[in-house]
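Below are the chains, spelled out letter by letter.
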Amino acid sequence: MQGIIVQSFGSTYREAYRKSVGYLFRYIEANFTDYYVVESYSSEIVRKRIEARDQDHIFNIKEALADMEKKGIKDIFVLNLYVIEGHEYNKVIEMAKAYNADGRLNIKFSRGLFAGPADIKKVGDFFIDLKEKSSQEALVFMGHGSNHDEDIKYSHLQEYLDQENQRVYIGTVEGEVSLDHIIERLRAENIKSLEILPLMLVAGDHAQNDMAGDEEDSWKSILTSQGFATKLKTKGLCEFDQFNNLFINKLREIL
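Report follows, based on the coordinates.

As a packed pair, helix H4 (residues 61-70) and helix H5 (residues 87-99) sit with axes 9 Å apart at the nearest point and diverge in direction by 40°. In terms of their interaxial angle, H4 and H5 are classed as oblique. In this structure, H4 meets H5 at a crossing whose hand is right-handed. Of the residues in H5, those in contact with Ile 61, Lys 62, Leu 65, Ala 66 and Glu 69 of H4 are Val 92, Met 95, Ala 96 and Tyr 99. Along the lines of polarity and charge, the residues of the contact of H4 with H5 split into 7 nonpolar, no polar and 2 charged.

Printed below as a string of structure tokens:
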């Protein structure tokens, strides 16, 4: 038998996780029945909080590999559920390579969702489809962002959307492109109504608080105070089958 590790950052928002990344994990379990499938989280903070609160132990990548090795599985495929190949993505690969330093296991890793121009086009087309179904003038997506060089990929996605003349705007909580940049564009393009969505796999802490919270510094509060008619969709991207297919294709590429 061969193995699949569904690798993500993880989330302490268990219901939001169940409807998104957990939903994708269950789909893989049900449809890749020739493989032994486990999940793994890269965030040690998330793992420890879940174990303390729910008494539920979730593997990190080393534990997932060890579990497979105990079962005699040597051919292992890691589906990395990360948008960019940033710090978390690289941490997982480094940990796996350290565990497998002698090369006894055959491990293959999927690429990040924004790996190249063709990938960014596919994500952009998914966003365009969401825009066409929206009653609002514009869609605003909140991504996580990073101080890693890969943060530039969010701008590449914006460039593709602009090229397609779409009123879809990409901002981040911790990256280069902030909400202030988006507000400048909204005003310049005379947009009055918009919908905010998370550019995150799980509608967890950032989506519930930084995006949709009632505090005055949330994106919802700021955009509303700036005079925009603002709607919210607190739905993680992995709650959309069409989006999950992008990750399934990433998995098929390495199988």
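With that settled, the discussion passes to the sheet that holds strand S1 (residues 2-8). Ordered in space as S2-S1-S3-S4, the 4 strands form an open sheet in which the pairing is parallel. Only two strands of the sheet have a single partner each, and these edge strands are strand S2 (35-41) and strand S4 (106-109). For this sheet the average axis-to-axis angle between neighbouring strands, irrespective of direction, equals 20°. Here S1 runs beside S2; their pairing, made up of 7 bridges, is parallel. By the bridge assignment, Val 6 is partnered in S2 with Glu 39. Where H5 meets the sheet, it contacts S1, strand S3 (75-80) and S4, and its direction lies at approximately 175° from that of S4.

In terms of burial, strand S7 (residues 193-199) is largely enclosed, as 7 of its 7 residues are buried. What you see with S7 is no split at all: Ser 193, Glu 195, Leu 197 and Leu 199 on one side and Leu 194, Ile 196 and Pro 198 on the other are buried throughout. Of the strand pairs in this sheet, S7 and strand S8 (residues 229-232) are connected by 4 bridges, and their pairing is parallel. Bridging across to S8, Glu 195 finds its partner in Lys 231.

What follows covers the pattern of salt bridges. In this structure the tally under the stated criterion is 17 salt bridges. With a closest N to O distance of 2.8 Å, Lys 121 and Asp 125 form a salt bridge. Of this pair, Lys 121 and Asp 125 both sit in helix H6 (residues 117-133), separated by 4 residues, roughly a single helical turn. In the salt-bridge network here, residues are joined through shared partners; they are Glu 44, Arg 47 and Glu 63.

Turning our eyes to something else, we now look at the packing of aromatic side chains. Counted under the stated rule, the structure contains 10 aromatic pairs. Where Phe 126 meets Phe 240, the ring centres are 5.5 Å apart and the plane angle is 75°; that geometry is what we call edge-to-face. Here Phe 126 is found in helix H6, whereas its partner Phe 240 is found in the loop between S8 and helix H11 (241-254), with 114 residues between them in sequence. Phe 240 shares its class with Phe 126; the two are buried. Among the aromatic residues, those joined into a cluster by ring pairs are Phe 126, Phe 127, Phe 141, Phe 240, Phe 243 and Phe 247.

At a minimum axis separation of 11 Å, helix H2 (residues 21-31) and H11 run at an interaxial angle of 50°. Taken together, H2 and H11 sit at an angle that is classed as oblique. Note on packing geometry: the crossing formed by H2 with H11 is right-handed. On the side of H2, the interface is formed by Tyr 23, Leu 24, Tyr 27 and Ile 28, while H11 contributes Asp 241, Asn 244, Phe 247, Ile 248 and Leu 251. Broken down by class, the residue content of the contact of H2 with H11 amounts to 7 nonpolar, 1 polar and 1 charged.

Rules used throughout
- Residues numbered from 1 in each chain as written.
- Predicted model: local features only at pLDDT ≥ 70, side-chain atom pairs only at ≥ 80, totals over all residues.
- Heavy atoms only, no water.
- Axes fitted to C-alpha atoms, helices over the stretch in contact; angles between N-to-C directions.
- Helix = DSSP H or I, 4+ residues; strand = E, 2+ residues; numbered from the N terminus.
- Parallel < 35°, antiparallel > 145°, perpendicular 65-115°, else oblique.
- Left-handed = near helix turned anticlockwise from the far one by under 90°.
- Contact = heavy atoms within 4.5 Å.
- Nonpolar A, V, L, I, M, F, W, Y, C, P; charged D, E, K, R; others polar.
- Pairing = 2+ DSSP bridges.
- Buried < 20%, exposed > 50% of the residue type's maximum accessible area, 1.4 Å probe, protein only.
- Salt bridge = Lys/Arg side-chain N within 4 Å of Asp/Glu carboxyl O.
- Phe/Tyr/Trp six-rings, centres within 6.5 Å; stacked < 30°, edge-to-face > 60°.

In short, the description is geometric, and any link to function would need to be established separately.
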